[in-house]
Amino acid sequence: MQPDMIFAMGSKAYVLLPAHVLAIMQSFVVGDEAQREAGGILIGSHRGDHIEIRNCTVPLKSDVRKRFLFDRKDRGHQKAATIAWNSSGGTETFVGEWHSHPEDYPRPSSLDCGTWREITMRENRKVIFLIVGRKELWAGWGKTGVIKPIYPVI
């Protein structure tokens, strides 16, 4: 099994992506699953300036999945965030979103960036964005309409 990943958001803020969460997301870029984009939300905790991802949702029945599009429509994603919030006593919540691209080295599209800017304008905290490709993972964070790439340190 691959190790957990840690990303730097500047010099004093980090994002922890556990190996088991990455494995769930990577399962959607192989075989028949790779023919359509997939995605979901990231659930975790804000710990000061740091973000710890603990889990993710996967595509649900009402989501739109096409070759070059994933649109999170199913209310089950919000339900998962609410359940995490309630069962953790208010420490776990929505911390971002992920989706796949049917390519080796994914990069955000203009649609991705526009959607992410909208999300960051609604949230009061930093939000994490991940795109899973066949060979590489693109990662970034955003706040108040600004999106910045982040890179693994481990």
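Refer to the structure presented above.
Residues numbered from 1 in each chain as written. Predicted model: local features only at pLDDT ≥ 70, side-chain atom pairs only at ≥ 80, totals over all residues. Heavy atoms only, no water.

Overview of the pairing of strand S10 (residues 146–149)
Now for step 1: Note: strand S9 (residues 137–143) against S10, four bridges, orientation antiparallel. The residue bridging Lys-143 from the neighbouring strand is Val-146, located in S10.
Now for step 2: As consecutive antiparallel partners, S9 and S10 are separated by two residues, and within that stretch Thr-144 has a phi angle of approximately 45°, a positive value. (Pairing = 2+ DSSP bridges. Helix = DSSP H or I, 4+ residues; strand = E, 2+ residues; numbered from the N terminus.)

Looking at empty space enclosed by the protein
Now for step 1: Counting across every chain of the model gives one cavity of 30 Å³ or more.
Now for step 2: In this model, the largest cavity occupies a volume close to 40 Å³.
Now for step 3: Together, Phe-28, Val-29, Ala-34, Arg-36, Glu-37, Ser-100, His-101, Pro-102 and Arg-134 line the largest cavity.
Now for step 4: Residue composition of the lining of the largest cavity, by class: four nonpolar, two polar and three charged. (1 Å grid on protein atoms, 1.4 Å probe; cavity = no way out; pocket = protein on both sides within 12 Å on 5 of 7 lines; lining within 4 Å. Points joined across faces, edges and corners; volume = space filled by probe spheres on them. Nonpolar A, V, L, I, M, F, W, Y, C, P; charged D, E, K, R; others polar.)

Focus on the packing of aromatic side chains
Now for step 1: Tallying each qualifying case throughout the model produces three aromatic pairs.
Now for step 2: Between Trp-116 and Phe-129, the aromatic rings sit 4.7 Å apart at their centres with planes inclined by 15°, giving stacked as the arrangement. Note that Trp-116 is positioned in helix H3 (residues 110–122) and Phe-129 in strand S8 (residues 127–132), a separation of 13 residues in sequence.
Now for step 3: For Trp-116, a relative accessible area of 1% puts it in the buried group.
Now for step 4: Consider the rings of Trp-116 and Trp-138, whose centres lie 5.4 Å apart with planes at 15°: the pair is stacked. Of this pair, Trp-116 sits in helix H3 while Trp-138 sits in strand S9, and the two are 22 residues apart along the sequence. Each member of the pair, Trp-116 together with Trp-138, is buried.
Now for step 5: Taken together, the ring pairs in this structure connect Trp-116, Phe-129 and Trp-138 into an aromatic cluster. (Phe/Tyr/Trp six-rings, centres within 6.5 Å; stacked < 30°, edge-to-face > 60°. Buried < 20%, exposed > 50% of the residue type's maximum accessible area, 1.4 Å probe, protein only.)

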